[in-house]
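# Topology and contacts: notes
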Amino acid sequence: MTFLRPWWLLLLVPLLPTVIVIARSGRAVVSPRQNAIATSVRVLGVTLLVAALAQPVLTGATGTTSVLFLLDRSASVDAAALQEQEAYLAAALAAADPEDLAAVAVFGRDIRLDAALAAGRVATPIRATVDGTSTDISTALRGAAAVLPSEGSRRIVVITDAVETAGDARTSARELSRQGIAVDVVVLQTSQGSDALIESVGAPAVVREGDVIPVGVVVSATQAGPAELVLTAGGEPIRLQVDLQPGRNVIEVDVPAAGSGVVRIGAEVIAGFDRRPENNRGEALVRVLGPAQVALVEGVPGEADDLRRALEAGGVDADVLSGVPGEDRLLEYDAVVLVNVRAPEPDVAEALASYVEELGRGLIVIGGDRAYGLGDYHDTALEAVLPVNSNPDDLIRRQPIAQILVIDTSGSMADCHCDGVNDHDPSLQGGINKTDISRAGAALAIGALEDTDRIGVLAFTSGTSWALPLGLKGSQADIAGALGSLSPAGDTEIGNALLVALEELKAAPEELKHMVLFTDGWGEESRLLDIAGQIADSGITLSVLGTGEGTGDTLRRMAGIGGGRFYRGTNLEAIPEIFVEETLTAARSLVSEGSFLPALAAPSQITAGLTASPPLRGYVLTSRKPAATVALEIGPGDPLLAVWQRGLGRAAAWTSDSTVRWSADWVTWDGFVDFWGRIVRDVLPPGRETPPEVRLTSSGISITFDAGEVPLDAIGTAQVRTPGGGMVVVPLQRVDATTFTGTTPLREPGAYWVAVRVEMPGTVVASGSGGVVAGYAEEFTFADPDPALAPDLASITGGRVSPAAVAAFDPAPVRGDAQRSIWPFLAALALGLFVLDIALRRLVVARGDLGRWKEALTPAAKEPVAALDTSEPVADQPADEARREALPEEETLGQLLRRKRK
């Protein structure tokens, strides 16, 4: 017997003496001998209870045999090998004993169970499918071990081609060995068939604009035959007719270096005998030295035009984009400029942060009514990489707000979502209806405003009525009376209500105007999106609070067009708090408009020599982060231009805009071109002209970096960001006075970002960044099987290499013992002893009681009743006594009577 939690047994040391002392110190109501017995019973009960807490288990041998068959279904396993797998499986199952347990699983990049562990299993067609772009035997072994029981003979039979492209199967085998699970490996004989693939596309890391790029394409083929090689590099495709030979074919061609920046050179092979299209493409990235390449991402079409003209006039090539490019396209740019852009999706924001921190590229964010706090940057990966916080610290400074709450009071607003029901159901009763909730929310929202704010409440059904006309915040009594007039009835016409509120807000004197629509969306109108556009064009923001019913998608799009937020109010109890949150967000002005002259702050190469500049008409309020450098300030010391080093790259924040709204005097200023050229050059990567040479090879990714003349004790490392977002640190070996090299496996297709640093203690002496795009996974290469893999797995776990199918269920070298937990039995026995302990301490047991209890529980023998003697009584004997003697006396009753007379 063993204990799963033996530390509980330590409780016996203090517990048993305490139990004995307490039992002896109390006033006994029973005899000393009985009290001693009760104490022993209590001690035994406590001991059993503590033993139960220690989780005792009984171990013993068991004769069960369990086998799990792991079938390799990766792309490298051809059709003939699949048939061989299924034939082996059928033969093994046919040879199994009826009581043997068997399971079947398939694996590639992942693992799926096809048939659960059961006795008497017969071969059936494989139904489970997996991602075949990788062969991860390591993960498959761990998953298989989780399916097998912990007792008896346990064996895993892996049927694979032994081409491992992911994970480390030997490490997993050591884990299985410690569990006593044997691993047999059946090696399949596979052939590449007729195929041709692009093994690598070689090109220099750097060329100068106007040069030709020497490109070497390595094409591997399994047979001879004609093929076409197509190369693309931004211009017209180059088509070459080639005769492929079995093995590696090196094809060299010169490609003109058109333009500057990062050029993607793609190669594709087209052969008549090719059977795998997945491996027919390859790419190389080449930096063409010339003007820097910058991506201008604009949130509103046309807002980047002035900046693009200024950058191009300053010698910077700029591409205007409507969205942040994908991770592979980001490699083409030295810097990204976000021009009045809302916070991107989390994965895009993460990619931008990695682009700066890990790849060493530059990022600039330009303000506007969609940027920083107005664009929901707060607590995002984008804000983390910027030198300013999107929400300023001094939120007391704000402009008065004019806000109208447009509240749906149609008949459907009399219903409720009772008990979490989210569908419109007028039959539901017993909850607070939506109109009552809107009253509570409106009251809280109005209470959160300042007395200088203007507020209105517009109720609508098929018509509109002002529950509270737009005006300065009034008294609590007036507000309560106005909201009390809200009553649900009628149809729903959202559009007319929004137009009425729009006309009212247009006439309001406040600069900051906001509208909140609360509706369940029943009664959709086709013109709602156009009305939302009119609201936005009038400089008014629109937020929508929907109850999760009706036109949810339309309501969400309205809020997006109106520049506000959308709240799906599936939980009606939270709607009052949402009203308050939305009101406070709208009232907290993050924009300061007027006429401001920028002021010099910390010294910076950007502002060196700057003595005067035009005024700006507005900016977004932000606050400086501690490590940031604020080169220009505006207003009462707010950041206008802030920069900092973030990881390997640099980021800058410009809190005004680049259009005529706030920067009308700047776009016509003579210094505009030079000023923005300085900002862009400040964030460009320092190693732009010396990127590492990153190539795809048959063994993975090869990295070569020329660091120039650096000290002999300098250390080189490369950070490789994989397509899945992971980070791999690759130590680089120094091969000569200036060159560092290293390799890393190819884990998956996609863009790999590589940032190289050569550093001395405390300083970076050389750096550069580059990348490569893997067109296909290693599974589709001509990878040879690992001849040592099967013997290693077998020797580590006590398994076999390619055993006969009829021997699959042979006992494994190590058997797992069956374990049976007995703590429930001990706990029940302890409970019974505690009850006996209580009885022994409360009931007095005298000598002979046990015998009497036994007699009392034993049924008495029934005797016939004698006839009543009516003869004359004996002299001197009373008549009644004579009659008693004449009657048969029941033994127990007689005993009780005699004891009473005594």
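You'll find the structure just up there.
Rules used in this analysis
- Residues numbered from 1 in each chain as written.
- Predicted model: local features only at pLDDT ≥ 70, side-chain atom pairs only at ≥ 80, totals over all residues.
- Heavy atoms only, no water.
- Phe/Tyr/Trp six-rings, centres within 6.5 Å; stacked < 30°, edge-to-face > 60°.
- Helix = DSSP H or I, 4+ residues; strand = E, 2+ residues; numbered from the N terminus.
- Buried < 20%, exposed > 50% of the residue type's maximum accessible area, 1.4 Å probe, protein only.
- 1 Å grid on protein atoms, 1.4 Å probe; cavity = no way out; pocket = protein on both sides within 12 Å on 5 of 7 lines; lining within 4 Å.
- Points joined across faces, edges and corners; volume = space filled by probe spheres on them.
- Nonpolar A, V, L, I, M, F, W, Y, C, P; charged D, E, K, R; others polar.
- Contact = heavy atoms within 4.5 Å.
- Axes fitted to C-alpha atoms, helices over the stretch in contact; angles between N-to-C directions.
- Parallel < 35°, antiparallel > 145°, perpendicular 65-115°, else oblique.
- Left-handed = near helix turned anticlockwise from the far one by under 90°.
- Salt bridge = Lys/Arg side-chain N within 4 Å of Asp/Glu carboxyl O.
- Polar contact = N/O pair within 3.5 Å; in protein donor to acceptor, adjacent residues only side chain to side chain.
- Pairing = 2+ DSSP bridges.
- Patch = residues over 30% accessible without salt bridge, like charges linked within 9 Å, V, L, I, M, F, W, Y side chains within 5 Å.
- Areas by Shrake-Rupley, 256 points an atom, 1.4 Å probe, with all protein chains shown as cover.
- Core = buried A, V, L, I, M, F, W, Y, C linked by side-chain atoms within 4.5 Å.

The next point concerns the packing of aromatic side chains. Tallied over the full model, the rule gives twelve aromatic pairs. Judged by centre distance (6.3 Å) and plane angle (70 degrees), the rings of Y355 and W753 are edge-to-face. Of this pair, Y355 sits in helix α8 (residues 346–357) while W753 sits in strand β39 (residues 750–760), placing them 398 residues apart in sequence. The same class applies to Y355 as to W753, namely buried. Their ring planes at 65 degrees and their centres at 6.5 Å tell us that F672 and W676 sit as a pair that is edge-to-face. Residue F672 and its partner W676 are both found in helix α17 (residues 672–683); the two are separated by four residues, about one turn of the helix.

The subject of this paragraph is the layout of surface pockets. Its boundaries defined by the atoms lining it, the second largest pocket holds a volume of some 410 Å³. As for the second largest pocket, its lining consists of 20 residues, of which V341, R342, A343, P344 and E345 are closest to the centre. Among the elements of the structure, β16 (293–298) and α8 are those that each provide at least two residues to the lining of the second largest pocket. Broken down by element, the lining of the second largest pocket gets its largest block of residues, four residues, from α8. Here the lining of the second largest pocket is composed, by residue class, of nine nonpolar, five polar and six charged.

Attention now goes to the side chain of Q293. Its location among the elements puts Q293 in strand β16. When near neighbours in sequence (up to four residues on either side) are disregarded, Q293 contacts S260, G261, D317, D319, E332, Y333, D334 and A335.

With that out of the way, let us pick up the packing of helix α2 (residues 32–53) against helix α19 (residues 823–842). A pair of packed helices is characterised by two quantities: the angle between their axes and the separation of those axes. Across the interface, α2 lies against α19 with an axial gap of 8 Å and an inter-helix angle of 160 degrees. Taken together, the axes of α2 and α19 are roughly antiparallel relative to one another. The element α2 and its partner α19 pack so that their crossing is left-handed. Residues that form the contact of α2 with α19 fall into these classes: 18 nonpolar, four polar and three charged.

We now examine the pattern of salt bridges. Tallied over the full model, the rule gives 27 salt bridges. Between D184 and R155 there is a salt bridge; the shortest N-O distance is 3.0 Å. With D184 in strand β7 (residues 182–187) and R155 in strand β6 (residues 152–160), this residue pair connects regions lying 29 residues apart in the sequence. An identical accessibility class is assigned to D184 and R155; each is buried. Across the salt bridge formed by E228 and R239, the nearest N and O atoms sit 3.5 Å from each other. With a gap of eleven residues between them, E228 in strand β11 (residues 225–232) and R239 in strand β12 (residues 238–244) connect regions that are remote in the sequence. Classification of E228 as buried rests on a relative accessible area of 17%. In this structure R239 comes out as exposed when scored by relative accessible area, which is 52%.

Before going further, it helps to spend a moment on the side chain of N279. Counting through the fold element by element, N279 comes out in the loop between β14 (261–271) and β15 (281–289). On the accessibility criterion, N279 (0% relative accessible area) is buried. A polar atom in the side chain of N279 sits 3.0 Å from the side chain of D195. What N279 contacts, discounting residues up to four positions off in sequence, is D195, A196, L197, I198, D274, Y776 and F780.

The next thing to look at is the sheet that holds strand β18 (residues 335–339). A sheet is described by the order of its strands in space; here eight strands give the open sequence β17-β16-β18-β19-β33-β32-β31-β28, paired in mixed fashion. Only two strands of the sheet have a single partner each, and these edge strands are β17 (317–321) and β28 (599–600). Pairing of strand β31 (residues 629–634) with strand β32 (residues 638–646), which is carried by five bridges, proceeds in the antiparallel orientation. Looking at β32, one finds that I634 is bridged to D638. Contacts between helix α6 (residues 305–313) and the sheet are confined to β16, β17, β18 and β19 (362–366), with β17 contributing the most and set at about 165 degrees to the helix.

Okay, the pairing of β6 next. Along β6, nine of the nine residues are buried, which leaves the element largely enclosed by surrounding structure. Bridging between β6 and β7 involves six bridges; their strand directions are parallel. Across the sheet, residue R155 finds its bridge partner in β7, namely A182.

Before going further, it helps to examine the packing of α6 against α17. Their axes nearest at 8 Å, the elements α6 and α17 cross at an angle of 80 degrees. It follows that α6 is roughly perpendicular to α17 by the angle criterion. Residue-level inspection shows D306, L307, A310, L311 and A313 of α6 in contact with α17, the latter providing F672, V673, W676, G677 and V680. In the contact of α6 with α17, the residues fall into eight nonpolar, one polar and one charged.

The grouping of W7, W8, L10, L11, L15 and L53 at the surface amounts to a nonpolar patch, some 570 Å² of accessible area in total. You can call L11 partly exposed: its relative accessible area is 36%.

All buried positions along helix α16 (residues 660–667) are accounted for by W662, S663, A664 and W666. Buried residues along α16 sit in contact with β27 (591–596), β29 (616–620), β33 (649–654) and α17.

Of all hydrophobic cores here, the largest spans 40 residues; its most connected members are V336, L338, L363, Y372 and L382. The leading source of residues in this core is α8, at six residues. With sequence-adjacent residues up to four places away left out, L338 is seen in contact with V297, V324, L352, L363, I364, V365, I366 and L382. Listed in part, the 36 residues of the second largest apolar core include A292, V294, A318 and V339.

This next bit is on unusual backbone geometry. Its identity as a non-glycine residue notwithstanding, N340 has a phi of 55 degrees, on the positive side. Looking at where N340 falls in the secondary structure, it is placed in the loop between β18 and α8. You can call N340 buried: its relative accessible area is 2%. In this model, D379 sits at a positive phi of 60 degrees, which is unusual for a non-glycine residue. With respect to the helices and strands, the residue D379 is situated in the loop between β19 and α9 (381–385). According to the relative accessible area criterion, D379 is exposed, its value standing at 65%.

Function cannot be read off these values alone, since they describe shape.
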